[in-house]
Amino acid sequence: MLELIHDNINDLVSVLLFVIGFADLLFQKNMIKKIIGLNIMDTAVYLLLASQGYIAGRTAPIVVDGITSTEAYINPIPSGLVLTGIVVSVSVTALMLSMTIRMYKKYHSLDLDYCLLKSREE
Amino acid sequence: MEFIKNFPFFSIMLGMFSAIVSSVLGAKAAKYVARTALFIIMVLSGVLLWYTYAQGGGSYVFIMGHFPAPWGNEIRGGSLEALFAVFVSFIAFFCVIGGSKAVESDIEEKKQSLFYILVMLMTSSLIAMCYTNDLFTGYVFIEINTIAGCGLIMIRQTGKSIVTAVRYMVISLMGSGLFLIGVTMLYTITGHLLMSPIQETVRELAATGDYSTQLTIIIGLMTVGLAIKSGLFPFHMWIPDAYGQSNVVSSCLLSSVVSKGYIFLLIKIYFRTLGFDIVKDSGVLEVVFIFGIAGIIIGSLMALREKSLRRMIAYSSIAQIGYVYMGIGLGSLAGVAAAIFHILAHGVTKSLLFLSSAEFTDGSHARRIESLKGEASQHKASALSYAIGAFSITGFPLLAGFVSKLLLGGAAIGLRTRQWFALIALAISTILNAFYFLRTVVFMFIAPSEEHDAEIDIEKGPEKFVSIINVRNPLYDLALLALIAVNFILGLFSGPIIDVINEGLGLFS
């Protein structure tokens, strides 16, 4: 059992983080906490991706010493996906934050439920 | 003829570039750029449909930038993709030209070019989602589409629309998070991101029985993720606000094409990536079926209770999304074909309803159904179009809604337990549809009685309804006419379209 946990520690941690982030995004009322949850959730996926692409003892696939054997390098595709994912999550986070500012200016609160109630009253 | 194979790429790029160009243009120029680009995309997709279906071009894989499989990105063109692209660009084009006056009166002049950027981003990301052969590209375009959809909701900049956009964003991001982790897990067990190699590996895994639990989880994650984004029943809370508060063009686009794009991607993933038989064995489709039926019933009941016209049409969208998922959940090719036909029929009908209801709404986009009395005498064209849309969605013969209900019912027959659930749900929802839609049509066409008006005035306060927005112009009438015409075409000549769908689904696997 311990060995299983030890072998899959990256997967376990990333799934745990994903669940924490997902629950934050769903259940927190405060917008900032929601956005933090969103970032935890995305980061968990990137941890999973990056750890799947990593092979212990190998280096990043940049040829410097003239070693061209594929045995020496890790799989670069997951790293590329992580980069793409980071770009997506940065833009989404920026958009969410700017909308939160708009909402705060209008209702003077970060609480989404309160703002929803206020907007229904209009 | 080989040149036509480039058209999917051209459509995506044209949409993206016109969005970028619009950012430095004024409102008027951006409007014309968007119209021209949408028209060209529509023509290009139509030519591709003609090439792949009528000319027997079949389906093909287009390699982006001439980098072969494991490194490069791929697009897949086929008759079904072309049909969906024609559908998306058709709806977007006619909503944009028809709603141009509504856009002008709803949105500040400075923000209007931003609106057209969002429309173009939405269209091109939908078309990219439909043509892509790569799961991660699919994810990126899902996010672009979400951002564009969020902008479309909050472009009116009232407090309500900002809160609605925030809620839409939160729910959509949960969906895309689940989809992303599904893609990641699929990548870790198969080692591919392109759809066809994944399918080969998944078939090998299914044959040996390895990773069967993981496969079920992956199918579940992707299905739930995309179902959340398209607004299937337990995740429908944002729909009435989003469609009811936003600008009329945004409502048309969000309800008719944006939510449908996710469903199309889901169908593509089922057939091209995982294999429909493997999805069927996983048991996920049963869950989809149950929630689809629950969506149909709950959506119809909520629409029946709703007092505001725009929100009622929005609630009916929840029921219609339920129909589509019920068709997929039937687990047969006929069911999925019926679901795709319903996507087309509902898209055409719902945009007709939203566009024609634009003339009955005021600046806050709220209008009580009781106050509609006698509207038909003032707004003849839109009242008539609204009536045709209402008849179609209820399922009157000659119209698109009838054929799609017939197909869904026909696909359900012979499936033991599921057929009873599906047929009873269809029957109940048709009755409820008739209640709530025909009620509004009847209200429009009866003359207002003096006493009743007085009663409402006391309830609602002294202010009587004054139509602030004048959305009529020749293009508005043209758009309504085109949507009505396509409604009749889908209803009367459904044969060739069903052929295209069946052939395209056959080529998917």
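Undergrad: Could you give an account of the overall build of chain B, with specific residues and numbers?
TA: On a plain count of helices and strands, chain B comes out with 22 helices and two strands. Computed over C-alpha atoms, the radius of gyration of chain B comes to 22 Å, within 12% of the 23 Å expected from 2.2 N^0.38 for 509 residues, which places it in the range of a compact globule. By principal-axis analysis of the C-alpha atoms, chain B measures approximately 75 × 55 × 40 Å. Within chain B, the proportion of its 509 residues that are buried is 64%. Counting only contacts in chain B whose residues sit at least 6 apart along the sequence, the fraction spanning at least 24 positions is 82%. Carbon together with sulfur atoms contributes 68% to the accessible area of chain B, which is approximately 17,300 Å² in total. Averaging the locations of the 33 positively and 31 negatively charged side chains of chain B gives two centres separated by 2 Å.

Undergrad: Account for the interface of chain B and chain A, naming residues and giving values.
TA: In this assembly, 31 residues from chain B lie in contact with 35 residues from chain A. For the pair chain B and chain A, the summed buried area comes to about 3,000 Å², and 82% of that belongs to carbon and sulfur atoms. It is Val163, Met174 and Tyr187 of chain B in chain B that bury the most area against chain A; as a group they hold 18% of the surface buried on that side. With its nearest N and O atoms 3.0 Å apart, the salt bridge here joins Asp241 of chain B to Arg120 of chain A. Of all the secondary-structure elements, those providing two or more residues to the side of chain B that touches chain A are helix 6 (135–154) and helix 7 (159–190) of chain B. Counting residues per element, the side of chain B that touches chain A draws most heavily on helix 7 of chain B, at 19 residues. Residue composition of the side of chain B that touches chain A, grouped by class: 21 nonpolar, five polar and five charged.

Undergrad: Which residues make up the nonpolar core, and what are the values?
TA: The tendency in soluble globular proteins is for nonpolar side chains to be buried as a group. Judged by nonpolar contacts, the single largest core of 201 residues is most densely connected at Met96 of chain A together with Tyr270, Tyr386, Ile501 and Leu505 of chain B. In terms of residue count, helix 7 of chain B provides more of this core than any other element does, 18 residues in total. If sequence neighbours within four positions are ignored, Tyr270 of chain B has contacts with Ile219, Thr223, Gly275, Phe276, Val279, Val284, Leu285, Val288 and Ile328 of chain B. Residues Phe289, Leu330, Leu408 and Ala425 of chain B belong to the second largest nonpolar core, which totals 13 residues.

Undergrad: Hey, could you go over the packing of aromatic side chains for me, with residue numbers and the actual values?
TA: All names here are of chain B. Inspection of the entire model under this criterion finds 22 aromatic pairs over all chains. With a centroid separation of 5.5 Å and 50° between ring planes, the pair formed by Phe39 and Phe93 is classed as tilted. Of this pair, Phe39 sits in helix 2 (residues 27–54) while Phe93 sits in helix 3 (residues 79–98), and the two are 54 residues apart along the sequence. Since its relative accessible area comes to 40%, Phe39 is described here as partly exposed. Relative to Phe276, the ring of Phe271 has its centre 4.6 Å away and its plane inclined at 10°; by these criteria the two rings are stacked. The exposure class assigned to Phe271 is buried, which follows from its relative accessible area of 4%. Here Arg418 stacks its cationic end above the ring of Phe289, 5.7 Å away from the centre of that ring.

What counts as what
Residues numbered from 1 in each chain as written. Chains lettered and ligands numbered in written order. Predicted model: local features only at pLDDT ≥ 70, side-chain atom pairs only at ≥ 80, totals over all residues. Heavy atoms only, no water. Helix = DSSP H or I, 4+ residues; strand = E, 2+ residues; numbered from the N terminus. Rg over C-alpha atoms; globule rule 2.2 N^0.38 Å. Buried < 20%, exposed > 50% of the residue type's maximum accessible area, 1.4 Å probe, protein only. Contact = heavy atoms within 4.5 Å. Areas by Shrake-Rupley, 256 points an atom, 1.4 Å probe, with all protein chains shown as cover. Lys, Arg positive; Asp, Glu negative; His and termini not counted. Charge placed at Lys NZ, Arg CZ, Asp CG, Glu CD. Buried area = accessible area lost by both parts, 1.4 Å probe. Salt bridge = Lys/Arg side-chain N within 4 Å of Asp/Glu carboxyl O. Nonpolar A, V, L, I, M, F, W, Y, C, P; charged D, E, K, R; others polar. Core = buried A, V, L, I, M, F, W, Y, C linked by side-chain atoms within 4.5 Å. Phe/Tyr/Trp six-rings, centres within 6.5 Å; stacked < 30°, edge-to-face > 60°. Lys NZ or Arg CZ within 6 Å of the ring centre and 35° of its normal.

Function cannot be read off these values alone, since they describe shape.
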